[in-house]
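# Working through the structure, step by step
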There are 2 protein chains.
Amino acid sequence: MVYSSDGFSWTPSTGRREGLPTIGVVEPSSHSTQPEDDIHDVIVIGAGYAGLVASRDLATQGKTTLLLEARDRLGGRTWHATIDGFNYEMGGTWIHWHMPHIYHEVSLYGLHNDWIITQNPGGKEDYFTATTGSEQRNLSHEEEVDICGRVFRIFSNVDGDDLRQSWKYAFGTDQSPELMSKWDKLSCQDRLDQIRDQLTAEEVSVLEAQLMQMGGNTLDKMGLVGALRWWALGSHTPTGLNDIALHTRLRSGNSELHRRIFEHAMSTDNLSYGFSAPVQRIEDAGDIVTVTTRNGKKWKARSVICTVPLNVLSSVEFSPRLPADKVAAVQQQSVNRCNKVHVDINGPDYLSWGSLATPGKGLISAFGDHLTPADDTHLVCFGPDPESSTGISLDNLDTVKDAVVHLLPENKQSEAIVNRIVSHDWNKDEFANGTWFFPPPNATTQYLSVLQRPHGNIFFASADWSDGWCGWIDGAVQSGMQTARQVILEQGKAAVVKKKVLQKGLSIDLSIDLSKGIVRCVI
Amino acid sequence: MVYSSDGFSWTPSTGRREGLPTIGVVEPSSHSTQPEDDIHDVIVIGAGYAGLVASRDLATQGKTTLLLEARDRLGGRTWHATIDGFNYEMGGTWIHWHMPHIYHEVSLYGLHNDWIITQNPGGKEDYFTATTGSEQRNLSHEEEVDICGRVFRIFSNVDGDDLRQSWKYAFGTDQSPELMSKWDKLSCQDRLDQIRDQLTAEEVSVLEAQLMQMGGNTLDKMGLVGALRWWALGSHTPTGLNDIALHTRLRSGNSELHRRIFEHAMSTDNLSYGFSAPVQRIEDAGDIVTVTTRNGKKWKARSVICTVPLNVLSSVEFSPRLPADKVAAVQQQSVNRCNKVHVDINGPDYLSWGSLATPGKGLISAFGDHLTPADDTHLVCFGPDPESSTGISLDNLDTVKDAVVHLLPENKQSEAIVNRIVSHDWNKDEFANGTWFFPPPNATTQYLSVLQRPHGNIFFASADWSDGWCGWIDGAVQSGMQTARQVILEQGKAAVVKKKVLQKGLSIDLSIDLSKGIVRCVI
């Protein structure tokens with residue numbers, strides 16, 4: 001399997017090694033269906049879910065498409081590495097059939113039986129460990145579900161009706177503007193302070209841990225509406241979010257699905273691509289957009305779909321410049337700077353186990369996510385922003401191991417053996433600058449629609465500003481799909497002359513695309 | 001608005017009138033993009049959701065597609081009529097964002113804010129009326145949800161774990177074969193008899209009403225696995241099915257979505273179509289399939305997607321003949337022969353109301369589904385097979401009115417005024433022969449995959465044999481989408497020679513499709 005330069009792994013015997021093997025690396029790394037100086041219908045920047053789905057929808061619908069990707073692999077902030085027969089999801093992981101846009105892809109490419117369940121039942125340590133301050137308590141999973149659901153419900157119930165009327169349709173975009181603006185001013189910390197007297201100390205800690213796992217930062221940086229969105233997407237029920245969003249992942253991995261989308265697009269002969277081609281500049285001359293990559297190469301298209309993540313957008317030069325509201329939206333950034341760390345613990349005992357720790361020693365949660373072929377328990381761990389007071393750097397793996405051990409049941413900590421660590425430092429990754437999107441206060445009302453708006457012939461698609469599962473895989477697919485449709489409708493308005501001559505037994509179909517100087521004839 | 005010949009309406013002043021106005025009628029009623037005797041890439045038979053989605057996916061991916069529809073309108077067993085500004089969903093109605101395939105369509109065409117809620121809160125008669133035998137009781141909606149959920153849970157809990165392990169993934173197709181075959185032998189009546197001693201008499205009646213509403217027939221005709229499938233799709237929870245499948249419908253109606261899918265396909269210039277063109281014969285000569293419509297016209301294509309409903313398939317001649325297992329599967333039929341009747345009751349009081357009656361006087365349930373512009377309550381009512389002992393014919397509307405009044409609270413029955421009845425007799429409709437699919441015992445294990453299997457170059461798509469939401473709108477979309485993909489992959493294997501010549505500034509793209517004798521060149 002080919003290595004990506006992204007990510008690293010550590011074992012006691014090998015130490016730390018940079019780069020990870022993944023099926024996400026495509027060979028050859030570039031491919032052209034037309035002369036390089038030709039004008040493409042569309043250039044798509046970024047081969048994450050949004051860019052892949054957009055490229056597929058464009059290429060299959062007859063648009064010559066050039067996909068430019070800064071990295072050496074497919075997937076952007078979602079990809080899996082395969083080590084010793086086990087798939088580690090380095091970024092976005094869990095999907096579900098109640099996430100309609102990504103599930104449509106699962107269904108189209110026949111992966112409907114291809115699931116692994118996180119915290120699968122049947123392990124020896126079949127409970128949940130809550131470490132709150134210096135206290136630790138093991139809860140049954142029933143108690144875990146009860147307490148986690150109860151506190152998230154109290155937190156989300158800002159309108160006395162569990163948001164059922166105020167955010168009626170999970171994917172709707174017409175939430176009450178008054179209510180939205182009222183809540184969107186608040187941070188998660190503000191809201192916690194409002195309800196603190198309804199909660200026990202343990203409940204406060206549990207809620208803090210949940211929220212920090214959602215937003216990857218301290219609660220004062222996290223916008224309340226980001227969390228309320230997740231509550232609405234979880235069907236306004238205490239367990240809904242967990243059931244939909246942290247339960248099932250693809251056994252064969254997100255990169256497998258990426259490859260299927262990519263190969264479908266390639267089968268049309270309309271897709272050109274280049275990997276390791278970071279974009280420096282996008283210049284819209286009115287009819288033609290020129291994209292310049294860092295190596296100085298220029299590429300031309302009638303339209304561009306830019307899927308560069310929000311926290312990276314400021315590294316791209318736009319001409320004409322982005323308007324003031326877009327610049328302000330980009331400056332706002334996503335606050336999520338969490339660490340995601342895979343830790344293989346010796347032996348199969350922790351398969352069904354889960355945990356949280358507030359404040360923790362740099363990691364806030366861990367849970368069993370299947371067994372490796374070597375029969376170790378694969379734990380997925382999350383920690384907050386490394387720069388925050390409770391975060392840790394991934395440069396020092398001893399602190400990472402300490403943080404994991406701190407999450408374990410106290411009577412098991414001394415015997416715990418870490419057999420492998422796998423991670424990718426998303427915060428130091430110049431093409432991500434953080435992990436999944438989570439909004440700061442005010443961002444949803446002020447900037448969501450601004451970020452969605454095209455800039456001339458440059459369109460923008462990303463989970464970072466999707467409706468619905470904003471920040472999630474489903475949002476990336478939704479945004480990619482909707483933006484591709486937007487471009488197709490927009491280009492449909494362009495000057496295309498078609499002439500069809502029908503005679504007995506003979507059909508001549510002439511189409512002259514004035515904007516491209518291309519004549520197409522079917523006899 | 002143009003009238004379809006389908007359906008009928010009745011008011012006190014006009015009496016009964018056949019035919020209903022609907023945006024589902026397309027004008028002109030036929031359209032050709034190529035000479036009629038030319039060979040299409042694909043002929044799609046049927047313009048319901050399955051056929052529309054398949055046609056759209058084919059046409060947008062460059063396949064010349066001919067869509068033949070027996071009726072005078074789009075939609076098949078899902079369509080809405082518009083009368084005095086109100087949309088009556090004549091067939092399949094409710095959809096939801098947890099139905100991923102149909103929601104993908106909603107999202108693609110921008111209908112994400114376009115919802116009406118059935119049993120919307122706020123009406124005067126805000127309760128549920130259960131008429132069981134000669135008893136009648138008004139329940140709060142909390143009691144209703146509780147009793148309906150409780151009995152369906154007991155009914156569905158055949159494995160002691162609410163089916164959570166046995167039918168783990170709602171859309172999966174790899175349920176345990178042993179268990180499936182054990183349950184699939186049973187009818188819903190068999191299962192009710194197993195659990196009867198756990199239920200009160202009222203609970204038995206409530207469960208009978210629910211099941212008869214699901215399967216549109218007597219319980220002995222209905223396969224248990226059909227009901228278990230619905231339980232799994234309702235997230236293995238007592239209220240899940242109701243929340244997902246009977247809650248939200250499109251305000252602008254299913255026919256609006258049909259038109260958007262159709263117009264997307266039309267925008268490609270690859271779609272030809274003919275309405276009022278029932279198919280009589282499909283003949284596969286190995287390379288070319290000839291479809292003969294009842295008027296004697298012949299149409300040719302490389303592949304055919306047949307979406308003719310299960311209960312109508314025996315009216316189509318196949319050459320070569322269908323194999324024995326397919327013939328047996330077609331003979332099994334869907335057992336669902338329910339009546340669906342729209343009744344506008346004078347005044348807005350019943351907006352939030354719901355009811356069931358066992359055995360009832362021909363209708364088994366009714367519930368408020370929004371108010372008409374005239375401020376009447378629109379009730380949606382369901383009754384079992386008209387041929388069954390508890391069913392009624394739609395020919396005699398006095399019995400329909402009696403059946404509705406019987407469902408109302410006793411103290412309101414004398415004052416009830418019916419202002420309008422709208423319905424379509426799906427059982428007498430030769431292109432439906434029943435309503436949504438519900439399997440008899442044994443059908444799921446014996447015939448589901450048989451019905452899905454292609455017959456030479458003839459492919460089959462329908463909600464009637466979909467995975468997932470089998471019998472529902474989501475299943476139709478899934479089946480249409482998956483079958484179109486199957487055909488595209490299959491035709492991709494056909495002999496196509498492509499030659500690309502690249503020179504400085506000049507690209508000549510020649511593709512010669514040997515199976516069609518078509519040369520395509522792009523200069």
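Fair warning: this is a prediction, and the values are worked out from it, not measured in the lab. (Residues numbered from 1 in each chain as written. Chains lettered and ligands numbered in written order. Predicted model: local features only at pLDDT ≥ 70, side-chain atom pairs only at ≥ 80, totals over all residues. Heavy atoms only, no water.)

## So, unusual backbone geometry
Residue and element names in this part refer to chain A. Cis geometry is found at the peptide bond from threonine 358 to proline 359, where omega equals -5°. Relative to the helices and strands, proline 359 resides in the loop between strand 18 (354-358) and strand 19 (365-371). Of note in the backbone geometry, serine 276 takes a positive phi value of approximately 50° without being a glycine. Along the chain, serine 276 turns up in the loop between strand 12 (271-274) and strand 13 (279-284). Taking relative accessible area as the criterion, serine 276 reaches 49% and is therefore assigned partly exposed. (Helix = DSSP H or I, 4+ residues; strand = E, 2+ residues; numbered from the N terminus. Buried < 20%, exposed > 50% of the residue type's maximum accessible area, 1.4 Å probe, protein only.)

## Brief notes about the UniProt feature "binding site: FAD" (unreviewed entry) in chain A
Residue and element names in this part refer to chain A. In the numbering adopted here, UniProt assigns the feature "binding site: FAD" (unreviewed entry) to Glu69, Ala70 and Val279. These annotated residues cover 211 residues of sequence, but their C-alpha atoms sit close together, with the largest distance between any two at 8.1 Å. Structurally, the position occupied by alanine 70 is in the loop between strand 5 (65-68) and strand 6 (80-83). Of the residues examined, alanine 70 reaches a relative accessible area of 21% and is grouped as partly exposed. Leaving out residues up to four positions away in the same chain, alanine 70 has contacts with Ser276, Ala277, Pro278 and Phe431. As for its placement among the helices and strands, valine 279 is situated in strand 13. What makes valine 279 buried here is its relative accessible area of 11%. (UniProt positions renumbered as here; feature names shortened; annotations may be inferred. Contact = heavy atoms within 4.5 Å.)

## Notes on the UniProt feature "binding site: substrate" (unreviewed entry) in chain A
All names here are of chain A. When the UniProt feature table is mapped to this numbering, "binding site: substrate" (unreviewed entry) covers Phe382. Tracing the chain through its elements places phenylalanine 382 in strand 20 (residues 377-383). Contacts of phenylalanine 382, omitting those with residues within four sequence positions, involve Trp94, Gln213, Cys338, Asn339, Lys340, Leu363, Ile364, Ser365, Phe367 and Trp436.

## Structural notes on the confidence of the model for chain A
Residues and elements named next belong to chain A. Chain-level pLDDT for chain A is 94 on average; 94% of the residues reach the 70-or-more range. Low pLDDT, under 50, characterises residues 495-510; the stretch is placed with 39 contacts to residues that sit more than four places away or in other chains. Taken as a whole, residues 512-518 scores under 50 in pLDDT and shows 19 contacts with residues more than four places along the chain or in a different chain. Prediction confidence for the complex, expressed as pTM and ipTM, is 0.94 and 0.93 respectively. (pLDDT = per-residue confidence, 0-100.)

## Points about the packing of aromatic side chains
Enumeration over the complete set of coordinates arrives at 40 aromatic pairs over all chains. Residues tryptophan 115 of chain A and tyrosine 169 of chain B carry aromatic rings whose centres are separated by 6.2 Å and whose planes lie at 40° to one another, so their mutual orientation is tilted. Taken as a pair, tryptophan 115 of chain A in strand 8 (residues 115-117) and tyrosine 169 of chain B in the loop between helix 3 (141-156) and helix 4 (177-184) lie in two separate chains rather than in one. With relative accessibility at 2%, the residue tryptophan 115 of chain A sits in the buried group. Geometrically, the ring pair formed by phenylalanine 367 of chain B and phenylalanine 382 of chain B is tilted, given 6.3 Å between the ring centres and 40° between the ring planes. Of this pair, phenylalanine 367 of chain B sits in strand 19 (residues 365-371) while phenylalanine 382 of chain B is found in strand 20 (residues 377-383), placing the two residues 15 residues apart along the sequence. The residues phenylalanine 367 of chain B and phenylalanine 382 of chain B share a single accessibility class, namely buried. A network of ring pairs unites the aromatic residues Trp97, Tyr103 and Trp115 of chain A together with Tyr169 and Phe171 of chain B as a single cluster. The ring of phenylalanine 8 of chain A has arginine 16 of chain A sitting right over it, with the charged end atom 3.6 Å from the ring centre. (Phe/Tyr/Trp six-rings, centres within 6.5 Å; stacked < 30°, edge-to-face > 60°. Lys NZ or Arg CZ within 6 Å of the ring centre and 35° of its normal.)

## What to know about the packing of helix 5 (residues 188-195) of chain B against helix 6 (residues 201-215) of chain B
All names here are of chain B. At a minimum axis separation of 12 Å, helix 5 and helix 6 run at an interaxial angle of 165°. When the axis of helix 5 is compared with that of helix 6, the two are roughly antiparallel. Where helix 5 crosses over helix 6, the two elements pack in a sense that is right-handed. Residues Cys188, Leu192 and Ile195 of helix 5 form the contact with helix 6, whose own contacting residues are Val204, Leu207, Glu208 and Leu211. (Axes fitted to C-alpha atoms, helices over the stretch in contact; angles between N-to-C directions. Parallel < 35°, antiparallel > 145°, perpendicular 65-115°, else oblique. Left-handed = near helix turned anticlockwise from the far one by under 90°.)

## So, the pairing of strand 14 (residues 289-293) of chain A
Residues and elements named next belong to chain A. Strand 14 sits mainly inside the fold: five of its five residues count as buried. Every second residue of strand 14 is oriented toward a common face, with Val289, Val291 and Thr293 on one face and Thr290 and Thr292 on the other, all of them buried. Examined bridge by bridge, strand 13 and strand 14 share five bridges and lie antiparallel to one another. Paired with glutamate 283 across the strands is threonine 290, a residue of strand 14. In this structure, strand 14 lies alongside strand 15 (residues 298-306), joined through four bridges in antiparallel fashion. Bridged to threonine 290 within strand 15 is lysine 300. As consecutive antiparallel partners, strand 14 and strand 15 are separated by four residues, and within that stretch glycine 296 has a phi angle of approximately 90°, a positive value. (Pairing = 2+ DSSP bridges.)

## As for the environment of leucine 394 of chain B
All names here are of chain B. Positionally, leucine 394 belongs in the loop between strand 20 and helix 11 (397-407). A relative accessible area of 2% places leucine 394 in the buried class. With 31 residues separating them along the chain, leucine 394 and aspartate 425 place their C-alpha atoms 6.7 Å apart.

## Some details on the side chain of aspartate 57 of chain A
Residues and elements named next belong to chain A. Inspection of the secondary structure puts aspartate 57 in helix 1 (residues 49-60). Here the side chain of aspartate 57 touches arginine 56 through a polar contact of 2.7 Å, side chain to side chain. The residues contacting aspartate 57, other than those within four sequence positions of it, are Met481, Ala484 and Ile488. (Polar contact = N/O pair within 3.5 Å; in protein donor to acceptor, adjacent residues only side chain to side chain.)

## Details of the pattern of salt bridges
Residues and elements named next belong to chain A. According to the stated counting rule, one finds 54 salt bridges over all chains in the structure shown. The partner of aspartate 84 in a salt bridge is arginine 420, with the nearest N and O atoms 2.8 Å apart. A residue pair is termed long-range when its members are at least 10 positions apart, and aspartate 84 in the loop between strand 6 and strand 7 (86-89) and arginine 420 in strand 21 (residues 418-423) qualify at 336 residues. Since its relative accessible area comes to 59%, aspartate 84 is described here as exposed. (Salt bridge = Lys/Arg side-chain N within 4 Å of Asp/Glu carboxyl O.)

## Notes on the sheet that holds strand 2 (residues 15-21) of chain A
Residue and element names in this part refer to chain A. Strand order across the open sheet formed by nine strands is 2-1-21-17-20-19-18-9-10, with mixed pairing between neighbours. Two strands close off the open sheet at either side, each with one partner strand: strand 2 and strand 10 (135-139). Geometrically, the sheet is characterised by an average inter-axis angle of 20° between neighbouring strands, direction not taken into account. Bridge count for strand 18 against strand 19 is three bridges, and the pairing is antiparallel. Bridge pairing links glycine 354 to phenylalanine 367 in strand 19. Strands strand 9 (128-132), strand 10, strand 18, strand 19 and strand 20 of the sheet are contacted by helix 6 (residues 201-215), whose axis makes an angle of about 105° with strand 18.

## Examining the environment of isoleucine 305 of chain B
Residues and elements named next belong to chain B. Structurally, the position occupied by isoleucine 305 is in strand 15 (residues 298-306). Accessibility expressed as a relative area gives 0% for isoleucine 305, which makes it buried. Each C-alpha atom of the pair isoleucine 305 and valine 42 lies 7.2 Å from the other, and the pair is 263 residues apart in sequence. Discounting chain neighbours no more than four positions away, the residues touching isoleucine 305 are Val42, Ile43, Val44, Ile45, Ala54, Leu58, Phe459, Ala461, Thr483, Ala484 and Val487.

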